Amino acid sequence: MARRRTALSAAALALAISLAAAGCSSSGGKKTEEKDATSTVNGAGTPQLTIAMVTHSGEGDTFWDIVQKGAKQAAAKDNVKFLYSNNKEGNEQAQLVQTAIDQKVDGIIVTLAKPDALKAVLQKAVQAGIPVISINSGSQFSAAYGALSHIGQDEAVAGEAVGDEMTKRGLKKALCVIHEQGNVSLEQRCDGAAKTFKGSMQKLYVTGTNMPDVLSSVTSKLQADKSIDAILTLGAPFAATSVQAVQQTKAKVEVDTFDLNAAVVKQLKSKEVGFAVDQQPYLQGYLAVDELWLYRTNGDVIGGGRPVLTGPALVTDKDVPQLEKYTQRGTR
């Protein structure tokens, strides 16, 4: 017992001496407190960076609202000025990337839904010393175009998971609604689903920026073909419209969808939607900003340059209690 008490006393004395030394040190004490205070005020405590995100989003797509929330949250933490722009046309998106290059931003986040239109301008960005990260779409083009990494889901794998699930549910004839023609990721989703679905699957192209047109097209298809028992939509807003088409035609059709928002979670709860594919858009935005900040301040590359997967995960009405509070605040 005496030996233990002596050891404790020695440890206490050593601790007191080290604390006193820290108080007198030029690198500790008040200066350390000031540094901590600066870090709190400036978020990351690093010089402000400017990061641009340029996506292929059309107007009214709630998916990209969630992506932006994640990006803005990371930007606030990392002391980053976040710039967002979008255009669903590939050539217009490329011009927005060029604008970001001209602004001499510290990093660019880009989607590769129309990859051919973006190849040359992304090579310009890399040559100018601006690091690029791709998110959401076009993972197979990311490394070839000079991006540090890709953040998102493997669209073909996600599609195959959907086809398996539709087969398990006993569905026989599905309509895959493509809301943006020429988008390689949407085609991959449909093709992946058709590959593993034991029933038949037909593509229906609609104008995603014109929701009345989407409703009319889906409704007409259901009226013309009574054997359709499933609709697969490739974005959350189109699930709600497809549910409306099913209700108007009184068809016995299951609606399944890629992506989540608050409306889809409500429809999962009411069983108007069978299941949804969650690729975590908030995480895509958050990780992309965070990775560029890490790269600029510490030379880090998340995943060592390999694609960083944020999905897919299939969610049903059983997952609603867990997801509801997050979708209500717009982060899932």
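(A) Structural detail: the confidence of the model for the chain. For the chain, per-residue confidence averages 89 on the pLDDT scale, and 87% of positions sit at 70 or higher. For the stretch residues 1-41, pLDDT sits under 50, and the model shows 6 contacts to residues farther than four places along the chain or on other chains.

(B) Quick peek at the packing of helix α3 (residues 62-78) against helix α12 (residues 281-298). Between α3 and α12, the shortest axis-to-axis distance is 6 Å and the interhelical angle comes to 35°. Read as a crossing pair, α3 and α12 show a hand that is right-handed. Across the interface between the two elements, Phe63, Ile66, Val67, Lys69, Gly70, Ala71, Gln73, Ala74, Ala75, Lys77 and Asp78 from α3 touch Pro281, Tyr282, Gln284, Gly285, Tyr286, Val289, Asp290 and Trp293 from α12. Split into classes, the residues belonging to the contact of α3 with α12 amount to 11 nonpolar, 4 polar and 4 charged.

(C) Quick peek at the state of the cysteines. The final tally for this structure, using the stated rule, is 1 disulfide. The disulfide partner of Cys176 is Cys190, and the gap between their sulfur atoms is 1.7 Å. The disulfide joining Cys176 to Cys190 has a torsion of about -95° about its S-S bond and is therefore left-handed. Taken together, the residues span a long stretch of sequence, with Cys176 in strand β6 (residues 173-178) and Cys190 in helix α8 (residues 184-196) at a distance of 14 residues.

(D) Structural context of the packing of aromatic side chains. The final tally for this structure, using the stated rule, is 3 aromatic pairs. Ring centres of Phe63 and Trp64 lie 5.0 Å apart, and the angle between their planes is 75°; on these two criteria the pair is classed as edge-to-face. With a relative accessible area of 5%, Phe63 lands in the buried category. Overall, the relative accessible area of 3% leaves Trp64 in the buried class. Of note, Lys77 hangs over the ring of Trp293, and the distance from its end group to the ring centre comes to 5.4 Å.

The rules behind each value
Residues numbered from 1 in each chain as written. Predicted model: local features only at pLDDT ≥ 70, side-chain atom pairs only at ≥ 80, totals over all residues. Heavy atoms only, no water. pLDDT = per-residue confidence, 0-100. Contact = heavy atoms within 4.5 Å. Axes fitted to C-alpha atoms, helices over the stretch in contact; angles between N-to-C directions. Helix = DSSP H or I, 4+ residues; strand = E, 2+ residues; numbered from the N terminus. Left-handed = near helix turned anticlockwise from the far one by under 90°. Nonpolar A, V, L, I, M, F, W, Y, C, P; charged D, E, K, R; others polar. Disulfide = S-S within 2.5 Å. Phe/Tyr/Trp six-rings, centres within 6.5 Å; stacked < 30°, edge-to-face > 60°. Buried < 20%, exposed > 50% of the residue type's maximum accessible area, 1.4 Å probe, protein only. Lys NZ or Arg CZ within 6 Å of the ring centre and 35° of its normal.

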